[in-house]
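Fold and contact review
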Amino acid sequence: MEFIALRTFQAVVEEGGILSASRKLNTVQSNVTNRIKRLEEELGSELFYRKGRGLELAPSGKVLLEYTRQLLQLESRAGAAVRQVGEQSGELRIGSMESFAALRLPPLLKSLREAHNGVDLFVQTDRSGELVNQVSNHKLDCAFVGGPVNHPDLIAVEVLQEELVLVRAKHNRQEQLPLILFREGCAYRARSLAWQREAGYQTDDTMELGTLDGILGCVAMGLGCTLMPRWIVTNNRHCDDLEIETIAPHLANIPTTLIYHRNSLPMKAIDTLIQQAQEQKMPGDD
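As a starting point, this report considers the structure included with it. Quick caveat: nothing in here was measured; it's all calculated off a predicted structure.

With that settled, the discussion passes to the pattern of salt bridges. In the structure shown here, the tally under the stated rule is twelve salt bridges. In this structure, Glu75 engages Arg7 in a salt bridge whose closest nitrogen and oxygen atoms are separated by 2.9 Å. Placement of the pair is Glu75 in helix α4 (residues 59-83) and Arg7 in helix α1 (residues 3-15), with a sequence separation of 68 residues. Notably, a salt bridge pairs Arg189 with Glu184, separated by 3.4 Å at the nearest N-O pair. Salt bridges here are not isolated pairs; linked through shared partners, they connect Glu14, Glu15 and Lys24.

The space that makes up the largest pocket amounts to roughly 400 Å³. Lining the largest pocket are 14 residues, with Arg7, Gln10, Leu72, Asn137 and Lys139 positioned closest to its centre. Counting only elements with at least two residues in the lining of the largest pocket, the list comes to α1, α2 (18-25) and α4. Take the lining of the largest pocket: its biggest share by element is five residues, from α4. The class makeup of the residues in the lining of the largest pocket is three nonpolar, five polar and six charged.

A few words now on the pairing of strand β5 (residues 142-146). In terms of residue burial, β5 counts as a mostly covered element, since five of its five residues are buried. Along β5, one buried face is formed by Cys142, Phe144 and Gly146 and the opposite face, lined by Ala143 and Val145, is buried too. Bridging between strand β3 (residues 91-96) and β5 involves three bridges; their strand directions are parallel. By the bridge assignment for β5, Ile94 is matched with Cys142. With five bridges connecting them, β5 and strand β11 (residues 253-261) associate as antiparallel partners. Bridging across to β11, Ala143 finds its partner in Ile259.

Thresholds, definitions, all that
Residues numbered from 1 in each chain as written. Predicted model: local features only at pLDDT ≥ 70, side-chain atom pairs only at ≥ 80, totals over all residues. Heavy atoms only, no water. Salt bridge = Lys/Arg side-chain N within 4 Å of Asp/Glu carboxyl O. Helix = DSSP H or I, 4+ residues; strand = E, 2+ residues; numbered from the N terminus. 1 Å grid on protein atoms, 1.4 Å probe; cavity = no way out; pocket = protein on both sides within 12 Å on 5 of 7 lines; lining within 4 Å. Points joined across faces, edges and corners; volume = space filled by probe spheres on them. Nonpolar A, V, L, I, M, F, W, Y, C, P; charged D, E, K, R; others polar. Buried < 20%, exposed > 50% of the residue type's maximum accessible area, 1.4 Å probe, protein only. Pairing = 2+ DSSP bridges.

Have a look at this one:
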């Protein structure tokens, strides 16, 4: 069995069909169909039941799916072993939520480059929930995410505690403003909605934006309010137009953790990231 066939099979299952899998794999539908057909011929078993234009995983397909996930994870780990030869060579794939990447991550990358100048750095930003999935599937080596992380395949190391504060536009007397939030999967979003419930906030109005600066820009214009780490607000270009209000500690205090796979190889560069993040101080930190 070829790995490309197994990756295609997994994509068909996860994406729910040939067309969606072809888009994910950036190939034409006929390639996906032919790879699945050759895989079935090689195994001598039908992997899917064809129902009209849809596909349903057959019992043999369910068995293969479990082994496929294990094999692809092993392939990823083997690739990581080759990439990470020594402390001064290889590649480190780092994920980060946008709020962390905005100001905290750049000095960490600088320190990492100085300590491991032969390591190629790849950085991807996303929501915490998606980053957890990326690390658990070996697509990233590590990631900075918000909130406690309890995942059987991951090790989570707390690197700092953030203080979330309620942020409004200055001189805005409107009591019930829409909440402006990151999209689903953001740890700050979940905490904001919890605050909304506990504070007895009467409006269910919300706005979703994908960027940190976009959220604070809209808040500064009086379009809504949000919960954001204090240091982000005080270091943002809109800070002169914003006012901060403290909230209850059990809602305000949220950890930032660095996660990596439990079965990944030891990586000196990740140890350096953890140490530097725990020692880092930014303007506005206590």
